[in-house]
Amino acid sequence: AHLDLYEEWDKGVYSHATISHRIYDLEYIKNNNLLIVGTRDIDIPEYEIAKSEDISYINAYEVEEYGINTYIQKIISFFQKSEITHLYVSIDIDALDPSIAPGTGFAIPGGLSYRDVWLILREIAKKFKIIGFDLIEVAPNLDLSNRITRNLAAKLIIEFISFITNNKE
């Protein structure tokens with residue numbers, strides 16, 4: 001839901017709100033190989049960093065505006081333009097709409113659907129070699145009693161592993 005590009009959050013440089021900045025600090029990460037997908041709640045300090053560093057992001061509302069196939073093509077085109085062939089994917093559960101993934105620290109309405117994320121993961125696994133992935137910010141203590149967020153997270157992990165395995169060369 002967020003860029004997570006703060007330099008510092010709550011008096012610390014290591015936080016859920018600074019992770020994209022810490023990744024961008026790595027010497028091999030540049031603005032042509034870092035893409036943030038599913039945003040919809042961007043604070044001014046994060047926006048200013050993204051703008052000054054020319055860091056790309058794709059807002060969640062664009063799925064509704066342009067359709068999921070165009071959205072996926074924007075993601076694929078970004079990396080193909082940069083001649084990227086291998087991806088590490090970090091899935092932040094708060095990119096999904098809180099109606100289906102409420103168990104996270106900052107649940108912001110207007111997120112991606114399960115099927116949107118499923119399609120994105122399936123297509124990038126077809127186009128790129130996935131060298132690793134993680135799924136973050138699931139907060140079981142904030143989840144509903146039916147464990148919907150935990151179940152959704154587990155299902156995404158299983159599905160993505162399946163996509164990666166089925167697309168091995």
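Located above this text is the structure these notes cover.
1. A word on the overall build of the protein
Helix and strand counts for the protein come out as 6 helices and 4 strands. Listing each helix as α and each strand as β along the protein from the N terminus yields α-β-α-β-α-α-β-α-β-α. Expected size for 169 residues packed as a compact globule is a radius of gyration near 15 Å; at 15 Å, the protein falls within 12% of this value. Seen through its C-alpha atoms, the protein measures out along the principal axes to roughly 45 × 45 × 30 Å. Looking at the protein alone, contacts between residues at least 24 apart form 64% of all its contacts between residues at least 6 apart. Accessible area of the protein: about 9500 Å², with a carbon and sulfur share of 53%. One way to put it: in the protein the 16 positive side-chain charges average out to a point 8 Å from where the 26 negative ones average out.

2. Overview of the pairing of strand β3 (residues 86-92)
Of the pairings in the sheet, the one linking β3 to strand β4 (residues 129-136) comprises 7 bridges and is parallel in character. Within the sheet, the bridge partner assigned to Ser90 lies in β4 and is Asp134. Handedness of the β-α-β unit built from β3, helix α5 (residues 114-127) and β4 comes out right-handed.

3. Some points on helix α6 (residues 148-166)
The end-to-end C-alpha distance of α6 is 27 Å, a good match for the 27 Å that 19 residues give at a rise of 1.5 Å each. Burial in α6 covers these residues: Thr149, Leu152, Ala153, Leu156, Glu159, Phe160 and Phe163. Down the axis of α6, the buried set is contained in an arc of 135°. They therefore lie on one face. Residues of α6 that are exposed and point more than 90 degrees away from the buried face comprise Ile158 and Asn166. Its buried side turned inward, α6 meets β3, α5 and β4.

4. A short note on the environment of Lys126
Residue placement: Lys126 occurs in helix α5. Lys126 sits in the partly exposed class, given a relative accessible area of 47%. It is 30 Å that separates the C-alpha atoms of Lys126 and Ala17, two residues lying 109 residues apart in sequence.

5. A word on the packing of aromatic side chains
Using the criterion set out here, one finds 5 aromatic pairs in the structure. Considering the side-chain rings of Phe79 and Phe128, the 5.9 Å spacing of their centres and the 75° angle between planes classify their relative orientation as edge-to-face. With a gap of 49 residues between them, Phe79 in helix α4 (residues 68-81) and Phe128 in the loop between α5 and β4 connect regions that are remote in the sequence. The exposure class of Phe79 is buried, given its relative accessible area of 8%. Aromatic ring contacts, followed pair by pair, group Phe78, Phe79 and Phe128 into a single cluster. The ring of Trp118 is capped by Arg115, whose NZ or CZ atom sits 4.6 Å from the centre of that ring.

6. Structural notes on the environment of Ala125
Relative to the assigned elements, Ala125 resides in helix α5. When the C-alpha positions of Ala125 and Ala17 are compared, they lie 27 Å apart, and in sequence the two are 108 residues distant. In this view, Ala125 contacts Ile130, Phe160, Phe163, Ile164 and Asn167; residues no more than four positions away in its chain are not counted.

7. Overview of the side chain of His2
For His2, the position within the fold is in the segment before α1 (19-25). A distance of 3.3 Å separates the side chain of His2 from the side chain of Asp41, its partner in a polar contact. Apart from the residues lying within four places of it in its own chain, the contact partners of His2 are Ile36, Thr39, Asp41, Glu46, Asp94, Phe106 and Ile108.

Cut-offs applied
Residues numbered from 1 in each chain as written. Predicted model: local features only at pLDDT ≥ 70, side-chain atom pairs only at ≥ 80, totals over all residues. Heavy atoms only, no water. Helix = DSSP H or I, 4+ residues; strand = E, 2+ residues; numbered from the N terminus. Rg over C-alpha atoms; globule rule 2.2 N^0.38 Å. Contact = heavy atoms within 4.5 Å. Areas by Shrake-Rupley, 256 points an atom, 1.4 Å probe, with all protein chains shown as cover. Lys, Arg positive; Asp, Glu negative; His and termini not counted. Charge placed at Lys NZ, Arg CZ, Asp CG, Glu CD. Pairing = 2+ DSSP bridges. Right-handed = clockwise from strand over helix to strand, strands pointing away. Expected span 1.5 Å × (residues − 1). Buried < 20%, exposed > 50% of the residue type's maximum accessible area, 1.4 Å probe, protein only. Arc of directions from axis to C-beta. Phe/Tyr/Trp six-rings, centres within 6.5 Å; stacked < 30°, edge-to-face > 60°. Lys NZ or Arg CZ within 6 Å of the ring centre and 35° of its normal. Polar contact = N/O pair within 3.5 Å; in protein donor to acceptor, adjacent residues only side chain to side chain.

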